Amino acid sequence: MHMERKPLVVVNGLVRKDAIAYLKEHVEVRQWTEKTVMPRETLKEWLVEADGLWSVRPLDVDADLIKNAPNLKVIAQAAVGYDNVKIDDLTAAGIPYGNTPGVLNETVAELAFTLIATASRRILENANFVKNGRWAQRPSNIKGFDLSRRTLGIIGMGAIGVSISRRARAFGMTVVYHNRHPRNDDKLYKTTYMELDELLATSDVVCVMAPLTDETYHMCDEAFFRKMKNTALFVNVGRGPIVDTEALINALETGEIDYAALDVTDPEPLPADHPLLCVENCLIVPHIGSYTDRTRYDMSILTADNIIAGVHKKPLKTCVNEEVNYKKSVLTEEIALEELKKVGVDLSDFD
Ligand SMILES: NC(=O)C1=CN([C@@H]2O[C@H](COP(=O)(O)OP(=O)(O)OC[C@H]3O[C@@H](n4cnc5c(N)ncnc54)[C@H](OP(=O)(O)O)[C@@H]3O)[C@@H](O)[C@H]2O)C=CC1
Ligand SMILES: O=CC(=O)O
(Lines give C-alpha, C1' and ligand atoms only; values in the text may rest on other atoms or scores of the structure.)
(Ligands and ions follow the chains in the order given, each with its own letter.)
Protein backbone atom coordinates (compact mmCIF):
# COMPACT_ATOMS: atom_id res chain seq x y z
CA MET A 1 0.00 0.00 0.00
CA HIS A 2 1.23 3.50 -0.86
CA MET A 3 2.07 5.48 2.34
CA GLU A 4 2.14 9.24 1.78
CA ARG A 5 4.91 11.01 3.68
CA LYS A 6 3.85 13.96 5.79
CA PRO A 7 4.98 17.32 4.41
CA LEU A 8 8.15 18.62 6.07
CA VAL A 9 8.08 22.09 7.63
CA VAL A 10 11.26 23.81 8.76
CA VAL A 11 11.08 26.29 11.66
CA ASN A 12 14.30 28.29 11.90
CA GLY A 13 13.94 29.36 15.54
CA LEU A 14 11.94 29.30 18.75
CA VAL A 15 8.16 29.66 18.60
CA ARG A 16 5.39 28.81 21.04
CA LYS A 17 5.31 25.14 22.03
CA ASP A 18 1.50 24.89 21.65
CA ALA A 19 1.74 26.12 18.05
CA ILE A 20 4.46 23.58 17.28
CA ALA A 21 2.33 20.82 18.83
CA TYR A 22 -0.60 21.93 16.64
CA LEU A 23 1.62 22.02 13.56
CA LYS A 24 2.90 18.51 14.34
CA GLU A 25 -0.65 17.17 14.17
CA HIS A 26 -0.57 17.91 10.44
CA VAL A 27 3.05 17.92 9.24
CA GLU A 28 6.52 16.77 10.15
CA VAL A 29 8.45 19.54 11.86
CA ARG A 30 12.19 20.14 11.84
CA GLN A 31 12.96 22.98 14.23
CA TRP A 32 16.10 24.91 15.17
CA THR A 33 15.78 24.87 18.97
CA GLU A 34 19.11 26.47 19.90
CA LYS A 35 18.96 29.91 21.50
CA THR A 36 21.47 31.14 18.91
CA VAL A 37 20.34 32.38 15.49
CA MET A 38 20.27 29.48 13.02
CA PRO A 39 23.20 29.80 10.58
CA ARG A 40 21.84 30.74 7.16
CA GLU A 41 23.84 28.03 5.37
CA THR A 42 22.40 25.33 7.66
CA LEU A 43 18.90 26.64 7.00
CA LYS A 44 19.52 26.48 3.26
CA GLU A 45 20.57 22.84 3.64
CA TRP A 46 17.42 22.01 5.62
CA LEU A 47 15.27 23.73 3.00
CA VAL A 48 16.44 21.35 0.27
CA GLU A 49 13.93 18.81 1.62
CA ALA A 50 11.29 21.19 2.95
CA ASP A 51 7.69 21.74 1.85
CA GLY A 52 7.18 24.74 4.09
CA LEU A 53 9.14 27.31 6.11
CA TRP A 54 8.00 29.02 9.31
CA SER A 55 10.27 32.04 9.22
CA VAL A 56 11.52 33.42 12.53
CA ARG A 57 13.33 36.76 12.69
CA PRO A 58 16.06 37.72 12.24
CA LEU A 59 16.01 36.15 8.80
CA ASP A 60 16.25 37.70 5.37
CA VAL A 61 13.89 35.77 3.13
CA ASP A 62 14.92 36.17 -0.49
CA ALA A 63 15.71 34.31 -3.73
CA ASP A 64 19.10 33.21 -2.40
CA LEU A 65 17.52 31.50 0.64
CA ILE A 66 15.12 29.40 -1.42
CA LYS A 67 17.16 28.73 -4.55
CA ASN A 68 17.82 25.09 -3.59
CA ALA A 69 14.40 24.35 -2.15
CA PRO A 70 12.56 22.63 -5.01
CA ASN A 71 9.62 21.36 -2.88
CA LEU A 72 8.94 24.60 -1.01
CA LYS A 73 5.25 25.50 -1.26
CA VAL A 74 4.74 28.11 1.44
CA ILE A 75 6.54 30.51 3.78
CA ALA A 76 4.81 32.16 6.73
CA GLN A 77 5.81 34.31 9.68
CA ALA A 78 3.98 35.30 12.87
CA ALA A 79 3.92 39.04 12.12
CA VAL A 80 2.04 41.56 10.05
CA GLY A 81 5.19 43.36 8.90
CA TYR A 82 7.21 41.60 6.24
CA ASP A 83 10.04 44.05 5.66
CA ASN A 84 12.55 41.19 6.04
CA VAL A 85 10.95 39.34 3.12
CA LYS A 86 11.53 40.01 -0.58
CA ILE A 87 7.97 39.33 -1.67
CA ASP A 88 8.81 39.72 -5.38
CA ASP A 89 11.39 36.91 -5.09
CA LEU A 90 8.78 34.58 -3.59
CA THR A 91 6.17 35.54 -6.17
CA ALA A 92 8.67 34.85 -8.96
CA ALA A 93 9.24 31.41 -7.43
CA GLY A 94 5.46 30.84 -7.12
CA ILE A 95 5.62 30.65 -3.32
CA PRO A 96 2.79 32.24 -1.33
CA TYR A 97 3.79 34.17 1.78
CA GLY A 98 1.49 34.29 4.81
CA ASN A 99 1.51 37.07 7.42
CA THR A 100 -0.84 37.67 10.37
CA PRO A 101 -2.97 40.78 9.80
CA GLY A 102 -6.09 41.51 11.80
CA VAL A 103 -5.68 39.25 14.83
CA LEU A 104 -3.35 41.77 16.54
CA ASN A 105 -5.00 45.09 15.66
CA GLU A 106 -6.57 45.80 19.04
CA THR A 107 -3.55 44.59 21.01
CA VAL A 108 -1.05 46.73 19.10
CA ALA A 109 -3.40 49.72 19.27
CA GLU A 110 -3.64 49.23 23.05
CA LEU A 111 0.15 49.31 23.31
CA ALA A 112 0.41 52.38 21.07
CA PHE A 113 -2.18 54.19 23.14
CA THR A 114 -0.57 53.03 26.39
CA LEU A 115 2.68 54.62 25.21
CA ILE A 116 0.86 57.84 24.37
CA ALA A 117 -0.93 57.99 27.73
CA THR A 118 2.13 56.95 29.72
CA ALA A 119 4.34 59.52 28.04
CA SER A 120 1.77 62.31 28.22
CA ARG A 121 1.61 62.00 32.03
CA ARG A 122 5.31 61.13 32.49
CA ILE A 123 4.24 58.02 34.38
CA LEU A 124 7.65 56.37 34.27
CA GLU A 125 9.57 59.33 35.70
CA ASN A 126 6.97 60.02 38.38
CA ALA A 127 6.72 56.37 39.40
CA ASN A 128 10.50 56.17 39.71
CA PHE A 129 10.56 59.01 42.24
CA VAL A 130 7.99 57.18 44.37
CA LYS A 131 9.74 53.83 44.02
CA ASN A 132 13.09 55.34 45.01
CA GLY A 133 11.58 56.84 48.20
CA ARG A 134 11.82 60.39 46.77
CA TRP A 135 8.13 61.31 46.45
CA ALA A 136 8.64 64.76 48.01
CA GLN A 137 11.74 65.49 45.90
CA ARG A 138 9.91 65.13 42.59
CA PRO A 139 10.84 68.24 40.56
CA SER A 140 7.87 70.41 39.55
CA ASN A 141 8.96 70.46 35.91
CA ILE A 142 7.98 66.81 35.39
CA LYS A 143 4.55 67.84 34.23
CA GLY A 144 2.16 65.95 32.06
CA PHE A 145 -0.05 67.28 29.33
CA ASP A 146 -3.70 66.68 28.55
CA LEU A 147 -4.71 64.48 25.67
CA SER A 148 -8.27 65.78 25.47
CA ARG A 149 -8.69 68.63 22.99
CA ARG A 150 -5.28 67.73 21.48
CA THR A 151 -4.57 66.42 17.99
CA LEU A 152 -3.16 62.99 17.22
CA GLY A 153 -1.51 62.61 13.82
CA ILE A 154 -1.20 59.02 12.62
CA ILE A 155 1.25 58.25 9.82
CA GLY A 156 0.14 54.92 8.34
CA MET A 157 -3.59 54.83 8.99
CA GLY A 158 -4.24 51.18 8.20
CA ALA A 159 -5.88 48.41 10.19
CA ILE A 160 -3.97 49.21 13.40
CA GLY A 161 -4.07 52.97 12.86
CA VAL A 162 -7.87 52.86 12.79
CA SER A 163 -7.90 51.00 16.12
CA ILE A 164 -5.58 53.65 17.60
CA SER A 165 -7.85 56.40 16.28
CA ARG A 166 -10.89 54.92 18.06
CA ARG A 167 -9.01 55.00 21.36
CA ALA A 168 -7.86 58.57 20.76
CA ARG A 169 -11.43 59.71 20.06
CA ALA A 170 -12.50 58.14 23.38
CA PHE A 171 -9.89 60.37 25.05
CA GLY A 172 -11.35 63.46 23.39
CA MET A 173 -8.61 63.82 20.77
CA THR A 174 -8.98 65.02 17.21
CA VAL A 175 -7.43 62.53 14.77
CA VAL A 176 -5.68 63.42 11.54
CA TYR A 177 -3.63 61.06 9.40
CA HIS A 178 -1.30 60.74 6.46
CA ASN A 179 -1.15 57.80 4.04
CA ARG A 180 -0.08 57.71 0.41
CA HIS A 181 -3.79 57.60 -0.44
CA PRO A 182 -6.64 59.19 1.54
CA ARG A 183 -9.09 56.62 2.91
CA ASN A 184 -12.74 56.60 1.94
CA ASP A 185 -14.08 56.04 5.48
CA ASP A 186 -13.12 59.35 7.15
CA LYS A 187 -16.74 60.05 8.02
CA LEU A 188 -17.11 56.72 9.79
CA TYR A 189 -13.96 57.14 11.90
CA LYS A 190 -14.18 60.95 12.20
CA THR A 191 -10.67 61.33 10.86
CA THR A 192 -9.14 63.91 8.51
CA TYR A 193 -6.55 63.28 5.81
CA MET A 194 -3.56 65.64 5.70
CA GLU A 195 -0.39 65.97 3.69
CA LEU A 196 2.62 65.06 5.82
CA ASP A 197 3.91 68.60 6.44
CA GLU A 198 0.49 69.81 7.54
CA LEU A 199 0.11 66.83 9.87
CA LEU A 200 3.49 67.52 11.48
CA ALA A 201 2.69 71.20 12.01
CA THR A 202 -0.78 70.41 13.43
CA SER A 203 -0.26 67.39 15.69
CA ASP A 204 0.45 67.36 19.41
CA VAL A 205 1.15 63.64 19.20
CA VAL A 206 2.65 62.10 16.04
CA CYS A 207 2.34 58.32 15.88
CA VAL A 208 4.09 56.27 13.17
CA MET A 209 2.18 53.08 12.30
CA ALA A 210 3.39 52.63 8.70
CA PRO A 211 5.23 49.61 7.29
CA LEU A 212 8.98 49.77 6.64
CA THR A 213 9.51 50.13 2.89
CA ASP A 214 12.05 51.83 0.63
CA GLU A 215 9.74 54.85 0.78
CA THR A 216 9.40 55.00 4.58
CA TYR A 217 13.05 54.19 5.44
CA HIS A 218 14.35 57.22 7.43
CA MET A 219 11.13 59.11 6.69
CA CYS A 220 11.49 60.64 10.17
CA ASP A 221 14.70 62.60 9.63
CA GLU A 222 16.04 65.96 10.77
CA ALA A 223 13.64 67.93 8.54
CA PHE A 224 10.69 65.81 9.75
CA PHE A 225 11.38 66.59 13.43
CA ARG A 226 11.98 70.28 12.62
CA LYS A 227 8.45 70.45 11.20
CA MET A 228 6.89 69.07 14.41
CA LYS A 229 5.76 71.30 17.29
CA ASN A 230 8.42 71.80 19.99
CA THR A 231 5.84 70.60 22.50
CA ALA A 232 4.98 67.45 20.57
CA LEU A 233 5.26 63.81 21.55
CA PHE A 234 6.67 61.42 18.92
CA VAL A 235 5.59 57.75 19.02
CA ASN A 236 6.88 54.92 16.82
CA VAL A 237 5.17 51.53 16.81
CA GLY A 238 5.77 50.86 13.07
CA ARG A 239 9.39 49.85 12.51
CA GLY A 240 12.68 51.21 13.90
CA PRO A 241 14.40 52.10 10.62
CA ILE A 242 11.54 54.43 9.60
CA VAL A 243 13.31 56.78 12.02
CA ASP A 244 16.80 58.20 11.58
CA THR A 245 17.86 57.50 15.17
CA GLU A 246 20.59 60.14 15.21
CA ALA A 247 18.11 62.78 14.06
CA LEU A 248 15.65 61.68 16.78
CA ILE A 249 18.30 61.91 19.50
CA ASN A 250 19.27 65.36 18.26
CA ALA A 251 15.63 66.52 18.13
CA LEU A 252 15.05 65.34 21.72
CA GLU A 253 18.27 66.81 23.09
CA THR A 254 17.89 70.21 21.42
CA GLY A 255 14.20 70.59 22.30
CA GLU A 256 13.08 70.39 18.68
CA ILE A 257 10.43 67.99 20.05
CA ASP A 258 9.43 67.36 23.66
CA TYR A 259 9.37 63.62 24.14
CA ALA A 260 9.46 60.26 22.35
CA ALA A 261 7.92 56.89 23.14
CA LEU A 262 9.17 53.93 21.10
CA ASP A 263 8.13 50.31 20.78
CA VAL A 264 10.52 49.78 17.88
CA THR A 265 14.11 50.98 17.44
CA ASP A 266 17.00 50.71 15.04
CA PRO A 267 18.82 48.49 15.85
CA GLU A 268 16.86 45.87 17.79
CA PRO A 269 17.75 44.99 20.42
CA LEU A 270 19.44 48.24 21.43
CA PRO A 271 22.94 47.52 22.77
CA ALA A 272 23.48 48.53 26.40
CA ASP A 273 25.77 51.42 25.39
CA HIS A 274 23.48 52.87 22.70
CA PRO A 275 23.23 56.70 22.91
CA LEU A 276 19.41 56.56 22.74
CA LEU A 277 19.41 54.98 26.20
CA CYS A 278 21.01 58.11 27.68
CA VAL A 279 18.28 60.42 26.36
CA GLU A 280 16.11 61.37 29.35
CA ASN A 281 12.97 62.41 27.48
CA CYS A 282 12.58 59.08 25.71
CA LEU A 283 10.57 56.05 26.82
CA ILE A 284 11.46 52.75 25.14
CA VAL A 285 9.85 49.32 25.36
CA PRO A 286 11.27 46.23 23.63
CA HIS A 287 8.97 45.70 20.62
CA ILE A 288 6.03 44.36 22.63
CA GLY A 289 3.23 45.67 20.40
CA SER A 290 1.52 42.31 19.94
CA TYR A 291 3.07 40.63 22.95
CA THR A 292 0.12 39.37 24.97
CA ASP A 293 -0.47 35.70 25.50
CA ARG A 294 -3.80 35.58 23.67
CA THR A 295 -2.67 37.55 20.67
CA ARG A 296 0.66 35.76 20.27
CA TYR A 297 -1.34 32.50 20.40
CA ASP A 298 -3.74 33.73 17.70
CA MET A 299 -0.83 34.89 15.52
CA SER A 300 0.99 31.58 15.93
CA ILE A 301 -2.07 29.47 15.11
CA LEU A 302 -2.80 31.64 12.05
CA THR A 303 0.80 31.12 10.94
CA ALA A 304 0.51 27.37 11.46
CA ASP A 305 -2.81 27.33 9.54
CA ASN A 306 -1.22 29.20 6.64
CA ILE A 307 1.62 26.69 6.54
CA ILE A 308 -0.64 23.65 6.82
CA ALA A 309 -2.79 25.02 3.98
CA GLY A 310 0.23 25.90 1.82
CA VAL A 311 2.03 22.56 2.08
CA HIS A 312 -1.23 20.93 0.90
CA LYS A 313 -1.54 23.50 -1.91
CA LYS A 314 -4.66 24.96 -0.39
CA PRO A 315 -5.32 28.72 -0.16
CA LEU A 316 -3.55 30.51 2.68
CA LYS A 317 -6.00 32.40 4.95
CA THR A 318 -3.89 35.55 4.89
CA CYS A 319 -1.53 35.86 1.95
CA VAL A 320 0.57 38.88 0.99
CA ASN A 321 1.23 37.85 -2.64
CA GLU A 322 -2.33 36.74 -3.42
CA GLU A 323 -1.40 36.28 -7.09
CA VAL A 324 0.45 33.06 -6.21
CA ASN A 325 -1.89 31.90 -3.46
CA TYR A 326 -3.35 28.48 -4.09
CA LYS A 327 -6.72 28.83 -5.64
CA LYS A 328 -10.04 27.15 -5.27
CA SER A 329 -9.20 24.97 -8.25
CA VAL A 330 -6.96 22.88 -5.99
CA LEU A 331 -9.87 22.41 -3.61
CA THR A 332 -12.13 21.57 -6.53
CA GLU A 333 -9.62 18.94 -7.60
CA GLU A 334 -9.66 17.47 -4.09
CA ILE A 335 -13.43 17.42 -3.99
CA ALA A 336 -13.35 15.60 -7.32
CA LEU A 337 -10.93 13.05 -5.86
CA GLU A 338 -13.21 12.60 -2.83
CA GLU A 339 -16.09 11.94 -5.18
CA LEU A 340 -14.04 9.31 -7.01
CA LYS A 341 -13.26 7.64 -3.68
CA LYS A 342 -16.97 7.62 -2.82
CA VAL A 343 -17.79 5.68 -5.98
CA GLY A 344 -15.10 3.16 -5.13
CA VAL A 345 -12.22 4.17 -7.41
CA ASP A 346 -8.96 3.02 -5.80
CA LEU A 347 -6.63 5.98 -6.28
CA SER A 348 -3.53 3.96 -5.38
CA ASP A 349 -4.03 2.18 -8.71
CA PHE A 350 -2.87 5.40 -10.36
CA ASP A 351 0.32 5.90 -8.31
N1 LIG B 1 5.35 47.19 17.04
C2 LIG B 1 4.70 46.09 16.77
O3 LIG B 1 4.69 45.13 17.54
C4 LIG B 1 3.94 45.98 15.49
C5 LIG B 1 4.28 46.74 14.40
N6 LIG B 1 3.58 46.62 13.24
C7 LIG B 1 3.96 47.46 12.10
O8 LIG B 1 2.82 48.20 11.71
C9 LIG B 1 2.70 48.18 10.30
C10 LIG B 1 1.27 48.44 9.89
O11 LIG B 1 0.44 47.37 10.22
P12 LIG B 1 -1.10 47.35 9.74
O13 LIG B 1 -1.83 48.53 10.26
O14 LIG B 1 -1.62 46.01 10.02
O15 LIG B 1 -0.89 47.49 8.16
P16 LIG B 1 -1.86 48.08 7.07
O17 LIG B 1 -1.33 47.60 5.77
O18 LIG B 1 -3.27 47.82 7.41
O19 LIG B 1 -1.63 49.66 7.17
C20 LIG B 1 -0.47 50.29 6.76
C21 LIG B 1 -0.82 51.71 6.39
O22 LIG B 1 0.38 52.42 6.09
C23 LIG B 1 0.13 53.26 4.97
N24 LIG B 1 1.38 53.50 4.26
C25 LIG B 1 2.10 52.65 3.51
N26 LIG B 1 3.16 53.26 2.99
C27 LIG B 1 3.11 54.55 3.42
C28 LIG B 1 3.92 55.68 3.20
N29 LIG B 1 4.98 55.64 2.41
N30 LIG B 1 3.59 56.83 3.83
C31 LIG B 1 2.49 56.90 4.61
N32 LIG B 1 1.67 55.87 4.84
C33 LIG B 1 1.99 54.69 4.26
C34 LIG B 1 -0.88 52.50 4.12
O35 LIG B 1 -1.71 53.38 3.36
P36 LIG B 1 -1.35 53.72 1.83
O37 LIG B 1 -1.17 52.41 1.14
O38 LIG B 1 -2.51 54.53 1.36
O39 LIG B 1 -0.11 54.52 1.88
C40 LIG B 1 -1.72 51.78 5.18
O41 LIG B 1 -2.87 52.53 5.47
C42 LIG B 1 3.28 46.81 9.92
O43 LIG B 1 3.75 46.80 8.60
C44 LIG B 1 4.39 46.62 10.92
O45 LIG B 1 5.60 47.15 10.42
C46 LIG B 1 2.52 45.77 13.13
C47 LIG B 1 2.16 44.98 14.18
C48 LIG B 1 2.85 45.00 15.45
O1 LIG C 1 6.07 43.74 14.68
C2 LIG C 1 5.22 42.92 14.61
C3 LIG C 1 4.44 42.63 13.46
O4 LIG C 1 3.46 41.87 13.60
O5 LIG C 1 4.76 43.12 12.37
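Residues numbered from 1 in each chain as written. Chains lettered and ligands numbered in written order. Predicted model: local features only at pLDDT ≥ 70, side-chain atom pairs only at ≥ 80, totals over all residues.

The name that an unreviewed UniProt entry assigns to the protein chain is Glyoxylate/hydroxypyruvate reductase B, with the source organism given as Veillonella rodentium. We quote the UniProt Sequence similarities (unreviewed entry) comment for the protein chain here in full: "Belongs to the D-isomer specific 2-hydroxyacid dehydrogenase family. GhrB subfamily." (UniProt positions renumbered as here; feature names shortened; annotations may be inferred.)

A common way to express how large an interface is: the accessible area buried when the components associate. The domains assigned to the protein chain are domain 1 (8-102 + 293-329) and domain 2 (104-284). Taken over C-alpha atoms, the centre of domain 1 sits 32 Å from the centre of domain 2. Listed per partner, the contact involves 8 residues of domain 1 and 7 residues of domain 2. Considering only residue class, the side of domain 1 that touches domain 2 consists of 3 nonpolar, 4 polar and 1 charged. (Domains from an automatic or database assignment. Contact = placed C-beta atoms within 7 Å. Nonpolar A, V, L, I, M, F, W, Y, C, P; charged D, E, K, R; others polar.)

Turning our eyes to something else, we now look at the packing of helix H5 (residues 105-120) against helix H7 (residues 159-170). Packing of H5 against H7 brings their axes to within 8 Å, and their N-to-C directions diverge by 55°. By the angle class used here, H5 and H7 are oblique. As H5 packs across H7, the resulting crossing turns out to be right-handed. Where H5 abuts H7, its residues Asn105, Glu106, Val108, Ala109, Ala112 and Phe113 lie against Ala159, Ile160, Ser163, Ile164 and Arg167. Among the residues forming the contact of H5 with H7, the class breakdown is 7 nonpolar, 2 polar and 2 charged. (Axes fitted to C-alpha atoms, helices over the stretch in contact; angles between N-to-C directions. Helix = DSSP H or I, 4+ residues; strand = E, 2+ residues; numbered from the N terminus. Parallel < 35°, antiparallel > 145°, perpendicular 65-115°, else oblique. Left-handed = near helix turned anticlockwise from the far one by under 90°.)

With respect to spatial proximity, the complete set of residues near ligand 2 consists of Ala79, Val80, Gly81, Leu104, Gly289 and Ser290. Split into classes, the residues belonging to the shell around ligand 2 amount to 3 nonpolar, 3 polar and no charged. (Near = placed C-beta within 6 Å.)

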